[in-house]
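Descriptive analysis of the structure
Here is how the chains run, residue by residue.
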Amino acid sequence: MLEITTASPEETKALGERLGQLLQPGDILCLQGDLGAGKTLMAKGIALGLDIAEEEVTSPTFTLINEYQGRLPFYHMDVYRLDDPEAMYDLGLEEYFYDQGVTLVEWADKLGEFIPQEALFIDILVLSGESRKITLRPQGQRYQGLLKELK
Ligand code: ADP
Ligand code: MG
C-alpha cells in the first residue's frame, strides 16, 4: 500500500502521469472517492502518461465509457450511473478488462461482485481545500510490482 497526500490539482495530475508512464497492456485501475475528489483529474494525468492529450479527456459520466488511443488504448469508465452491476454484462463492459489496453473505472465499487480481483485500487479522500489523501492498494503481483516502480 502507498499513501500520498497531494496539495493541489497539479500534484494529483502529476502523480497520475507518472503512474500512466508505467502502465502496460491489460492493466486495470479501480478508482473510488466522493464526487469532486479528483478521480477524473487523476484519469487525465494517467492519459498524459499514456501520451494522450489531456484536453481530449472528458468525464464519461453520461457515456459510461470513453475510448482513447495513445501509447496504448485507454478505456475510461465511470459507472456511477450503473444501478445494477449485472448491467455491466448486458452492456459488455466487462470485456474491456480482458483487452490489451488500459482500463480505468471511476466508482469501481458500483461493480459489486464483478469488480476485478486483480487491479490497482486507488482511493481519493478530500482532506480539506485542495488537499487529498490518495491511497494506492495493489491486488495481485503485477500491481505490487507496479507500485514498487512508482515508489
Ligand atoms: P471526480 O471525478 O472524483 O468527481 P474531478 O476530478 O472531476 O472529481 O474533480 C476534482 C475537482 O477538485 C477539480 O475541480 C479539481 O481542480 C479539484 N481539486 C482541488 N484540489 C485537488 C487535488 N489535490 N487533487 C485533485 N483534484 C483537486
Ligand atoms: Mg469523475
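These figures come from a predicted structure and were not determined experimentally.

Describing the nonpolar core
Counting residues in hydrophobic clusters, the biggest one holds 47 residues, and the most contacted among them are Leu 19, Leu 29, Ile 46, Phe 74, Leu 120, Ile 122 and Leu 136. Among all residues touching Leu 19, those that are not within four sequence positions of it are Leu 29, Ile 46, Leu 120, Ile 122, Leu 136, Leu 146 and Leu 150.

Quick word on the packing of helix α1 (residues 9-22) against helix α4 (residues 141-150)
Think of two packed helices as two axes; the pair is described by the angle between the axes and how far apart they sit. Taken N-terminus to C-terminus, the directions of α1 and α4 make an angle of 125 degrees; their axes are 10 Å apart at the nearest point. With respect to α4, the element α1 is oriented oblique. In terms of crossing hand, the pair formed by α1 and α4 is right-handed. Contacts between α1 and α4 pair Leu 15, Arg 18, Leu 19 and Leu 22 from the former with Arg 142, Leu 146, Glu 149 and Leu 150 from the latter. Looking at side-chain class alone, the contact of α1 with α4 contains five nonpolar, no polar and three charged residues.

Some points on the site of ligand 1
Near ligand 1 you find 15 residues, and of these Thr 12, Gly 36, Lys 39, Thr 40 and Glu 130 are the closest. Contact between ligand 1 and Glu 130: a nitrogen atom at 2.8 Å from a main-chain N or O atom of the residue. Calculation on ligand 1 without its partners gives an accessible area of 570 Å², and the protein chains cover 75% of this total. Among the elements of the structure, α1 and α2 (39-49) are those that each provide at least two residues to the shell around ligand 1. Looking at the shell around ligand 1 element by element, the count peaks at three residues for α2. When grouped by side-chain class, the residues that make up the shell around ligand 1 number four nonpolar, six polar and five charged.

Some words on the pattern of salt bridges
Counting across every chain of the model gives four salt bridges. Note that Glu 54 is salt-bridged to Lys 13, the shortest N-O span being 2.9 Å. With Glu 54 in the loop between α2 and β3 (65-69) and Lys 13 in helix α1, this residue pair connects regions lying 41 residues apart in the sequence. Residue Glu 54 is classed as partly exposed on the basis of its relative accessible area, which comes to 23%. With a shortest N-O distance of 2.6 Å, Arg 142 and Asp 27 are connected by a salt bridge. With Arg 142 in helix α4 and Asp 27 in the loop between α1 and β2 (28-32), this pair connects stretches of sequence that are 115 residues apart.

Quick look at the pairing of strand β5 (residues 102-106)
Most of β5 sits out of view: five of its five residues are buried. Residues Val 102, Leu 104 and Glu 106 of β5 are buried on one face, and the alternating residues Thr 103 and Val 105, pointing to the opposite face, are buried as well. Note: β2 against β5, four bridges, orientation parallel. For Cys 30, the partnering residue across the bridge sits in β5 and is Val 105. As judged from the five bridges shared by strand β4 (residues 73-78) and β5, these two strands associate in the parallel manner. Across the sheet, the residue bridging to Tyr 75 is Thr 103, located in β5.

What to know about the coordination of the magnesium ion (ligand 2)
The protein atoms that coordinate the magnesium ion (ligand 2) are Thr 40 (OG1) and Glu 106 (OE), at distances of 2.1 to 2.2 Å. Here Thr 40 is found in helix α2, whereas its partner Glu 106 is found in strand β5, with 66 residues between them in sequence. Just as Thr 40 is buried, Glu 106 falls in that class too.

About the cut-offs
- Residues numbered from 1 in each chain as written.
- Chains lettered and ligands numbered in written order.
- Predicted model: local features only at pLDDT ≥ 70, side-chain atom pairs only at ≥ 80, totals over all residues.
- Heavy atoms only, no water.
- Core = buried A, V, L, I, M, F, W, Y, C linked by side-chain atoms within 4.5 Å.
- Buried < 20%, exposed > 50% of the residue type's maximum accessible area, 1.4 Å probe, protein only.
- Contact = heavy atoms within 4.5 Å.
- Axes fitted to C-alpha atoms, helices over the stretch in contact; angles between N-to-C directions.
- Helix = DSSP H or I, 4+ residues; strand = E, 2+ residues; numbered from the N terminus.
- Parallel < 35°, antiparallel > 145°, perpendicular 65-115°, else oblique.
- Left-handed = near helix turned anticlockwise from the far one by under 90°.
- Nonpolar A, V, L, I, M, F, W, Y, C, P; charged D, E, K, R; others polar.
- Near = heavy atom within 4 Å.
- Polar contact = N/O pair within 3.5 Å; in protein donor to acceptor, adjacent residues only side chain to side chain.
- Areas by Shrake-Rupley, 256 points an atom, 1.4 Å probe, with all protein chains shown as cover.
- Salt bridge = Lys/Arg side-chain N within 4 Å of Asp/Glu carboxyl O.
- Pairing = 2+ DSSP bridges.
- Donors = N, O, S within 2.8 Å, 3.2 Å for Na, K, Ca; no water.

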